[in-house]
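# Observations on chain architecture
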Amino acid sequence: MKNAQVNRWLDFNKKRRLIEDKLDEQLAIQAHKLSLNEFYALYFLGLKDDEKLRLQELQAQVGLSQSAMSRLVVRLERPECGAIERTTCEDDKRGVYIHLTKVGEDVLKSTLPNIEPIIKENL
C-alpha cells in the first residue's frame, strides 16, 4: 500500500542525507576539517549578535544529546582548534555560555563560501 505523504517524507529525507553527505565531504577537505555538527554549532553561534548561546540552546539547535554536545564543545575549545570558549552565566552560576572566538569567526568565514554552492546546487 502506497502513501503519498510517507513517500514525500522519504524523498525529502533521502535528499537531506545526500546534501549532508556532500557537506561532510567538503568540510573534511577544508583546512579546519570540521564535522557537520561542528559547522552547525559555529554557524548558530555566528547568527547571534553577541555570538554566544547557553549550552542547552546550542544543543537543541544542533540536535545532539547532552553527552554528544559536551564532546563537540570539548573538541572546538581545545587549544589546537580554539573556535569557541565557555563562560559561566552571570545570573545562573550553573549555566554555561558558549562563545564564538575570533578564531571561530575566521573558521566560519572561510568555510561558508565552500558550503553555500553545495546547498544552492542541491536544494
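Keep in mind the model is a prediction, meaning the values are calculated, not measured. (Residues numbered from 1 in each chain as written. Predicted model: local features only at pLDDT ≥ 70, side-chain atom pairs only at ≥ 80, totals over all residues. Heavy atoms only, no water.)

For the rest of this paragraph, the subject is the side chain of Glu 38. By secondary structure assignment, the location of Glu 38 is in helix H2 (residues 36–47). Not counting residues within four places of it along the chain, the set of residues in contact with Glu 38 comprises Lys 33, Leu 72, Arg 75 and Leu 76. (Helix = DSSP H or I, 4+ residues; strand = E, 2+ residues; numbered from the N terminus. Contact = heavy atoms within 4.5 Å.)

This next bit is on the UniProt feature "domain: HTH marR-type" (unreviewed entry) in the protein chain. The positions UniProt marks with the feature "domain: HTH marR-type" (unreviewed entry) are residues 1–123. Split by type, residues 1–123 is 64% helix and 11% strand. Its first and last C-alpha atoms lie 29 Å apart. (UniProt positions renumbered as here; feature names shortened; annotations may be inferred.)

Here the focus is the packing of aromatic side chains. For the coordinates displayed, the defined rule picks out five aromatic pairs. An aromatic cluster is built from Phe 39, Tyr 40, Tyr 43 and Phe 44, whose rings are joined through pairwise contacts. Of note, Lys 52 hangs over the ring of Tyr 97, and the distance from its end group to the ring centre comes to 4.3 Å. (Phe/Tyr/Trp six-rings, centres within 6.5 Å; stacked < 30°, edge-to-face > 60°. Lys NZ or Arg CZ within 6 Å of the ring centre and 35° of its normal.)

Counting along an α-helix, one turn takes 3.6 residues, and residues three or four places apart therefore face a common direction. Buried residues of helix H3 (residues 55–62): Leu 55, Leu 58, Gln 59 and Val 62, and no others. The buried residues of H3 occupy one face: seen down the axis, they fall within an arc of 100°. The elements touched by buried residues of H3 are H2, strand E1 (52–54), helix H4 (66–77) and strand E3 (96–100). Gly 63 sits one or two positions beyond H3 and adopts a positive phi of about 85°. (Buried < 20%, exposed > 50% of the residue type's maximum accessible area, 1.4 Å probe, protein only. Arc of directions from axis to C-beta.)

In this section: the nonpolar core. Residues Leu 42, Leu 58 and Leu 76 are the most contacted members of the largest nonpolar core, which totals 27 residues. The residues touching Leu 58, leaving out its near neighbours within four places in the chain, are Ala 41, Phe 44, Leu 45, Leu 53, Met 69 and Ile 98. (Core = buried A, V, L, I, M, F, W, Y, C linked by side-chain atoms within 4.5 Å.)

Looking at the secondary structure, you find Cys 81 in the loop between H4 and strand E2 (84–88). Residue Cys 81 is classed as partly exposed on the basis of its relative accessible area of 24%. Taking the C-alpha atoms as reference points, Cys 81 and Leu 34, 47 residues apart in sequence, are found 9.9 Å from one another.

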